[in-house]
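# Observations on chain architecture
Here is how the chains run, residue by residue.
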Amino acid sequence: YKTSPAPVPIFNWTGFYVGVNGGYGLGQSDWRSTSLASSDRHIKGILVGATIGYNWQLANSWVLGLEGDYDGAQPHLKGQGLCIDPTFTCGTNINELATYTARLGYAWDRSLLYMKAGGAWESGQQYANVTATGVTAFGPSKDDRGGWIVGAGWEYAFAGNWSAKVEYDWLGFGIRTFALPGDPTVYDHYLYVQAVKFGLNYRFGDWGKSP
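Anyway, here's the lowdown on the structure attached to this text.

In this section: the overall build of the protein chain. From N to C terminus, the protein chain includes zero helices and eight strands. The secondary structure elements of the protein chain, listed N-terminal to C-terminal, are β-β-β-β-β-β-β-β. Against the globule reference of 17 Å for 211 residues, the protein chain gives a C-alpha radius of gyration of 22 Å, more extended than a compact globule. Within the protein chain, buried positions represent 46% of all 211 residues. Within the protein chain, residue pairs in contact and separated by at least 24 positions form 67% of the contacts whose partners lie at least 6 positions apart. As presented, the protein chain carries roughly 10600 Å² of accessible surface, and 65% of it is formed by carbon and sulfur atoms. Distance from the positive charge centre (15 side chains) to the negative charge centre (17 side chains) of the protein chain: 8 Å.

Our focus in this paragraph is the nonpolar core. Judged by nonpolar contacts, the single largest core of 13 residues is most densely connected at Leu77, Ile94, Leu97, Leu171, Phe173 and Val193. Going through the elements one at a time, strand S2 (39-57), strand S3 (62-82), strand S4 (88-108), strand S7 (162-178) and strand S8 (187-203) are the ones with two or more residues in this core. Per element, the largest residue contribution to this core is three residues, and it comes from S8. When near neighbours in sequence (up to four residues on either side) are disregarded, leucine 97 contacts Leu47, Asp69, Tyr70, Asp71, Leu77, Trp121, Glu122, Leu171, Phe173 and Val193.

This part covers the state of the cysteines. In a disulfide, the sulfur atoms of two cysteines are held together by a covalent bond. Counted by the stated rule, this structure contains one disulfide. Disulfide partner of cysteine 83: cysteine 90, at an S-S distance of 1.8 Å. Disulfide cysteine 83-cysteine 90: the torsion about the S-S bond is 125°, which places it as right-handed. Using a relative accessible area of 1% as the deciding quantity, one classes cysteine 90 as buried.

With that settled, the discussion passes to the pairing of S7. Note that strand S6 (residues 136-159) and S7 share 11 bridges and pair antiparallel. Bridge pairing in S7 links glutamate 155 to lysine 165. Where S6 folds back on S7, the antiparallel hairpin that results is connected by two residues, among which glycine 160 adopts a positive phi of roughly 55°. In the sheet, S7 pairs with S8 via 15 bridges, with the strands oriented antiparallel. Directly across from alanine 164, in S8, lies its bridge partner leucine 200.

The subject of this paragraph is the pattern of salt bridges. Under the defined criterion, the tally for this structure stands at 16 salt bridges. A salt bridge links arginine 32 to aspartate 30; its shortest N-O distance comes to 3.4 Å. Here arginine 32 falls in the partly exposed class, since its relative accessible area comes to 35%. For aspartate 30, a relative accessible area of 6% translates into the label buried. Residue aspartate 69 is joined to lysine 197 by a salt bridge in which the shortest nitrogen-to-oxygen separation is 3.2 Å. Of this pair, aspartate 69 sits in strand S3 while lysine 197 sits in strand S8, and the two are 128 residues apart along the sequence. On the basis of relative accessibility, which here comes to 7%, the residue lysine 197 falls in the buried class.

Backbone torsion omega between glutamine 74 and proline 75 reads -10°, so that peptide bond is classified as cis. For proline 75, the location among the structural elements is in strand S3. A cis amide bond links glycine 139 to the next residue, proline 140, at an omega of 5°. The topology assignment puts proline 140 in strand S6. The backbone of aspartate 109 sits at a positive phi, close to 55°, despite the residue not being glycine.

About the criteria used
Residues numbered from 1 in each chain as written. Predicted model: local features only at pLDDT ≥ 70, side-chain atom pairs only at ≥ 80, totals over all residues. Heavy atoms only, no water. Helix = DSSP H or I, 4+ residues; strand = E, 2+ residues; numbered from the N terminus. Rg over C-alpha atoms; globule rule 2.2 N^0.38 Å. Buried < 20%, exposed > 50% of the residue type's maximum accessible area, 1.4 Å probe, protein only. Contact = heavy atoms within 4.5 Å. Areas by Shrake-Rupley, 256 points an atom, 1.4 Å probe, with all protein chains shown as cover. Lys, Arg positive; Asp, Glu negative; His and termini not counted. Charge placed at Lys NZ, Arg CZ, Asp CG, Glu CD. Core = buried A, V, L, I, M, F, W, Y, C linked by side-chain atoms within 4.5 Å. Disulfide = S-S within 2.5 Å. Pairing = 2+ DSSP bridges. Salt bridge = Lys/Arg side-chain N within 4 Å of Asp/Glu carboxyl O.

Laid out in structure tokens, this is it:
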């Protein structure tokens, strides 16, 4: 009698993990007034941050997870352009972004395709400079607000407890009403950010073996 060959182990994604991430963000910052036309500008910049999460791999290839990301913009996720009144240049800075999401993925061995969705938070400022001189005329006005995120990505466990990922995210922060200090105009501010990020994760415990 010949013994049956040992089954090929199926990679198991279950486990707690931490990691680092970095990438590029690009978005839109629109200032609108009920009495005047809108003033739109692109914002962009580099993102660097950290990740924490946990995965549960079910009996088949489906993987459920919870994940949190924090990113600082280096030096800012920013953009500026002429205000509704072209005498002034309006600007937007985003200093920090954070997300808290649920993930749903499908794994085949060491590859994992996933989608994610949840809440988002940003911290930044709005300001207006004199166009001719660049001197700050109004503001800055602090801008902290919550929003939402949807995203998708691919993660690959390449060695031991290490995995790498690439991900695309859309973060929407809706419309917020604000006024700059010293400026009588009240604005409605619409903001969203798109981000492409790369990450490196390390998982703890006896992960990577067959369920």
